[in-house]
Amino acid sequence: MSKSRGCLGYPLSIFFIVVNEFCERFSYYGMRALLVLYFRNFLGWDDDLATAIYHTFVALCYLTPILGALIADSWLGKFKTIVSLSIVYTIGQAVISVSSINDLTDHDHNGTPDSITVHIALSMVGLILIALGTGGIKPCVSAFGGDQFEEGQEKQRNRFFSIFYLAINAGSLLSTIITPILRVQQCGIYSQQACYPLAFGVPAALMAVALIVFVLGSGMYKKFQPQGNIMGKVAKCIGFAIKNRFRHRSKAFPKREHWLDWAREKYDERLISQIKMVTKVMFLYIPLPMFWALFDQQVALARLSLELLVPSPPQTPVISDPTFQKPEGSRWTLQATTMTGKIGAIEIQPDQMQTVNAILIVIMVPIVDAVVYPLIAKCGFNFTSLKKMTVGMFLASMAFVVAAIVQVEIDKTLPVFPGGNQVQIKVLNIGNNDMTVYFPGENVTLAQMSQTDKFMTFDIDKLTSINLTSPGSPGVTTVAHDFEQGHRHTLLVWDSSQYLVVKDGLNQKPEKGENGIRFVNNLNEKITIQMSGKVFENIASHNASNYQFFPSGTKHYTINTTTELAPNCKSDFTSSNLDFGSAYTYVISSASNGCLEVKEFEDIPPNTVNMALQIPQYFLLTCGEVVFSVTGLEFSYSQAPSNMKSVLQAGWLLTVAVGNIIVLIVAGAGHFSKQWAEYILFASLLLVVCVIFAIMARFYTYVNPAEIEAQFDEDEKKKGVEKENPYAEPVSQTNM
């Protein structure tokens, strides 16, 4: 064990550990942010396979910490485990970077790999190595950092875990900004494509830097030697205690203070005492998976969301990370899609709101550690680790309450969509005459080139007839159409006997806060329209295109017709400034001068509730995370015996993994008709978990593993002296 040099009261060695963690998290999150797009666009997998492999990889990253902890505490020690698995990790990152080189198998230089199997095989090997590396070192690095502190440096050690958590979030935040920007660059020897080799190569380089920085600090680290197969001893000791208790279950045998005391016949007191420390903490962790399951409803994988903000190059279509399309990872993002992102002169996209969590963590960790905790201590309040964790749970539950309040405000502004047996109909008159439409119990008269103010709702079984007429026309036309229940429809009319019913296909606000645009062709020929890189192809005369979706801002579009326009007529147009979550119909007609003219009709109004209202809920959630997660790391370390530090860190990470498994099991099991009610349910469940944890924490007795182990060392030393001189008699007053 080497002595660590100090700087400002802290071991100098922790600088190398923190920098290592920053680079490693940059490497991991930067690589992971690209995976689904890489699977989809480069390997050519469909969304289902890409999603399945992605989730399998993430699950593997959460399972390997147990393996890394066992290797560290039982065999190699933390330092050698971190170095060994970091080498594996770096190789894995390099392999996946090589797998993304298109020219590796593109022997005919046509821009397409000749053997995609080679790329797939390399990718899978790389991901397995990365999962083994990142998961294996995860519990070791934090525990190894804690090992660098001496007795009496508890305050500095606690602050180290805050700095450590800050490094995690800073690395992940920067990587998810930088690597997508690298991806959209063009590179290649024979054909220019999205530069996945560079985007994966930078994380690989950062992992190599992490390894080099960590090794450079080798001479300064305090390194504890492993003490054999400790987990094997623990399992055997627990098994023997249970078996021995079962054998002596009759009343003839007196009870023992602790159930593990039944192992005394075979195992020494030190091991039994160490296992008691670990089992006490693990028992306290029982409610935590449910906390993580609920907590991760909002922040799981949020740091990957910046991938969605970077435009793709041509011929490289963007798909969103499917994780964000599932209920477990995107409820607050979905809430943001029903809000407007215009905050003063700034415009924020819904996906960007998820990054508020990571940004606030970077801000709040030093504030909480350097300002909030000292102020609480000055007030004389004994703010113990378990109290901090309880407060963190409570703050997280309050975040859901705020989210519910925001949702109620949003619901007031949302349009009403048809229910199960209902249909909604809007009439759009694109003709040159006034039109009157007769619905059951309601008549609508529309001037030329106008529409009804809103969608009209009808029970499908009561929608018996719809009739059309116009001034001067001799008869009445009956609309014959089988309306699909639960959907919106637009009735296009341009003559008393000519109409078309179009199923809109929008039964909710457009996803991701985008804006739906469709075109109605009021010309006597087919047209094709190109709008901001998307094509509305071959729209028939007096027909409507499907909606396509665009982000906020003005959009330029070109109308292509078979008829040659006059020299003074334009075919290029610009849309109005699109906001968030709206839908519009653009009717293209021929003006009196023979030029094209476009008229805009609103189908779904834009969002009005501002995304800034989400900041309080993200603030509360972030404060809860900082207080809970940082303290959990420190508590897991401080309450673990010296030979099981990594194991207990892995146990802490395992609660996160189990929480995510719970999410996957219950995802999609059911949804509330009102989103605010679901948020209240989450808040209530979090509060219940908080109360259960608080009660369990009330009966927890803090221990100092170092003191307990020192006492055992002292006792063993005394026993050793007695064995060396068995005939020595104790000096007593009587002898004197």
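Residues numbered from 1 in each chain as written. Predicted model: local features only at pLDDT ≥ 70, side-chain atom pairs only at ≥ 80, totals over all residues. Heavy atoms only, no water.

Draft legend 1. Seen up close, the overall build of the protein. In terms of helices and strands, the protein carries 17 helices and 24 strands. Residues classed as buried in the protein amount to 52% of the 736 residues present. Counted over contacts in the protein with a minimum sequence separation of 6, partners at least 24 positions apart contribute 73%. Total accessible area computed for the protein in this model is approximately 33,300 Å², and 60% of it derives from carbon and sulfur atoms. (Helix = DSSP H or I, 4+ residues; strand = E, 2+ residues; numbered from the N terminus. Buried < 20%, exposed > 50% of the residue type's maximum accessible area, 1.4 Å probe, protein only. Contact = heavy atoms within 4.5 Å. Areas by Shrake-Rupley, 256 points an atom, 1.4 Å probe, with all protein chains shown as cover.)

Draft legend 2. Up close: a nonpolar patch on the surface. Residues I359, I363, I367, V371, V372 and L375 make up a contiguous nonpolar surface patch of roughly 460 Å² in combined accessible area. Positionally, I359 belongs in helix 12 (residues 355–378). (Patch = residues over 30% accessible without salt bridge, like charges linked within 9 Å, V, L, I, M, F, W, Y side chains within 5 Å. Salt bridge = Lys/Arg side-chain N within 4 Å of Asp/Glu carboxyl O.)

Draft legend 3. Representation of the side chain of Q617 within the structure. Within the secondary structure, Q617 sits in helix 14 (residues 615–638). Looking at Q617, the relative accessible area reads 0%, which means it is buried. The contact partners of Q617, leaving out residues within four places of it in the chain, are W332, Q335, A399, V402, A403 and V406.

Draft legend 4. Expanded view of the nonpolar core. Counting 134 residues, the largest nonpolar core has L35, F39, F57, L288, F291 and W652 as the members making the most contacts within it. Residues within four places of F291 in sequence aside, it is in contact with M393, A396, F628, L686 and V689. (Core = buried A, V, L, I, M, F, W, Y, C linked by side-chain atoms within 4.5 Å.)

Draft legend 5. Layout of the sheet that holds strand 8 (residues 435–439). Spatially, four strands are ordered 9-8-12-13 in an open sheet, and the strand pairing comes out antiparallel. Two strands in the sheet have a free side with no partner beyond their single neighbour: strand 9 (442–446) and strand 13 (477–478). Where strand 8 lies against strand 9, five bridges are found, and the strand directions are antiparallel. Note on strand 9: the bridge partner recorded for M435 is L446. (Pairing = 2+ DSSP bridges.)

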